[in-house]
Amino acid sequence: MPLHRLTRITMGVPDVRSTAAYYGDFGLTRVTATGGTPDVERFSTVDGGEQLAITHAPRRRLLDLGVGVDDSDDLDRVARAMARLEVETVRSATAVEAVDPGTHIRVRVEIAPRVESRPTPAPAYNAPGVIARENARADAVTRGTRVRPRKLGHVVLGSADQEATQRFFTEGVGFKVSDTVKDLAAFMRCSTDHHNLLVQRAPVTFLHHTSWQVDDVDEVGRGAAEMLEADPERHVWGLGRHAIGSNFFWYLKDPAGNFSEYYADIDCIVDDALWTPGVWEGARSLYQWGPPPPPSFLAPEDLAGLMTGSHSS
Ligand SMILES: [Fe+2]
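All figures in this text were calculated on a predicted structure; none of them were measured in a lab.

Rules and cut-offs
- For every chain, the first residue of the written sequence is number 1, and numbering continues from 1 along that sequence.
- Local features in a predicted model are, by the rule used here, given only for residues with pLDDT of at least 70; side-chain atom pairs are given and counted only at 80 or more, and totals for whole chains, interfaces and linings are based on all residues.
- Excluding hydrogens and water, the side-chain values take into account all heavy atoms of the structure.
- Grid points spaced at 1 Å and placed over the protein atoms alone form the basis of the search, with a cavity being a set where a 1.4 Å probe fits but cannot get out and a pocket an open set showing protein on both sides within 12 Å along at least five of seven lines. Lining residues have an atom within 4 Å of a point.
- Grid points are joined across faces, edges and corners, and a volume is the space filled by probe spheres set on the points.
- A run of H or I in DSSP becomes a helix once it reaches four residues, and a run of E becomes a strand once it reaches two; helices and strands are each numbered from the N terminus.
- Amino acids outside the nonpolar list (Ala, Val, Leu, Ile, Met, Phe, Trp, Tyr, Cys, Pro) and the charged list (Asp, Glu, Lys, Arg) are all regarded as polar, and Gly is one of them.
- Here the rule is simple: two strands pair whenever DSSP picks up at least two bridges between them.
- Axes here refer to lines fitted to C-alpha atoms; in helices the fit is confined to the stretch in contact. Angles between the N-to-C directions go from 0 to 180 degrees.
- Note that the term roughly parallel is reserved for angles under 35 degrees, roughly antiparallel for angles over 145, roughly perpendicular for angles of 65 to 115, and oblique for everything else.
- Contacts were defined at the residue level, with two residues in contact if any of their heavy atoms lie within 4.5 Å.

A. Fine view of empty space enclosed by the protein. Overall, the coordinates contain one cavity of 30 Å³ or more when judged by the stated rule. Estimated volume of the largest cavity: approximately 40 Å³. Around the largest cavity, the lining residues are Asp25, Phe26, Arg146, Val147, Gly223, Glu226, Met227 and Tyr262. Elements supplying a minimum of two residues to the lining of the largest cavity: α1 (16–26) and α4 (217–230). Sort the elements by how many residues they give to the lining of the largest cavity and α4 lands first, with three residues. Counted by class, the lining of the largest cavity contains four nonpolar, one polar and three charged residues.

Now the structure itself:
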């Protein structure tokens, strides 16, 4: 597909300093600011480069989202598609920008290098009848390095106008729908990953979570354990495995109230013709196994406050 990745996002939060400290703990690498007190904190991932900016906003929200394409022909196509949707665009030599009418998030489709991930073989797992690791302890119990997310995998948004947002991203930007949850949400991709964006119906537009890829399920566990050792209040939901996308997950909460997820082993769709989107409902639309999701995962505790804020703004 002409789209190939998420590039970067900007998150607006009331307190940049504490939120930035959280994402440093999470394993993102702070990109050094030059001089003074930065009003924007920037972070990179191992494979994705600079992918997160955190800046001030009165209420937590996603301010913008970047999507990578290969060349200017792709930008032309997006500009034409937006024109058909009667969405205004701003075009430069390297990007097309437009605002999603559903969430009011600014989306920047930009020419960007593809994510090149160093191949990471699955660890050797012993199983009944298969000894893959002879005379050796599991690699996971001897790992001593910090967990470092490889890339930003997906972003999940609540939209007060889910249909408009889905149309914007599919018909305008060019995302493909991988799976849907009946009357609630669409999982969409702009790469070979099962989803890079999930938009769900909500009473108010808000950022539900960002999700960051790590090597394997042990890295999901190690990363979360380290975050919880520093502050148990960060726990939201995990460890579990989703059915939609198949990925292992563990969700934590940043000081502004955004959830952040470590994930591993997500489904990859390399041939669109060989993937059949499903329509999901009930508990399996949330997970395959794991502890039951807390009510605050479905409806974050600050949602009422965000609604009040959005009505008064
Ligand atoms: Fe997720």
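Alright, that's what it looks like, and here's the rest.
B. Geometry of the pairing of strand β10 (residues 176–181). Where β10 and strand β11 (residues 185–189) come together, five bridges link them in antiparallel fashion. The residue of β11 that forms the bridge with Val177 is Met188. Of the pairings in the sheet, the one linking β10 to strand β17 (residues 278–280) comprises three bridges and is parallel in character. By the bridge assignment, Val181 is partnered in β17 with Trp280.

C. View of the packing of helix α2 (residues 72–84) against helix α3 (residues 162–173). Two numbers describe how α2 lies on α3: the axes approach to 8 Å, and their chain directions differ by 130 degrees. When the interaxial angle is binned, α2 and α3 end up oblique. Contacts from Arg77, Val78, Ala81 and Met82 in α2 reach Phe168, Glu171, Gly172 and Val173 in α3. Taken together, the residues that form the contact of α2 with α3 break down as five nonpolar, one polar and two charged.

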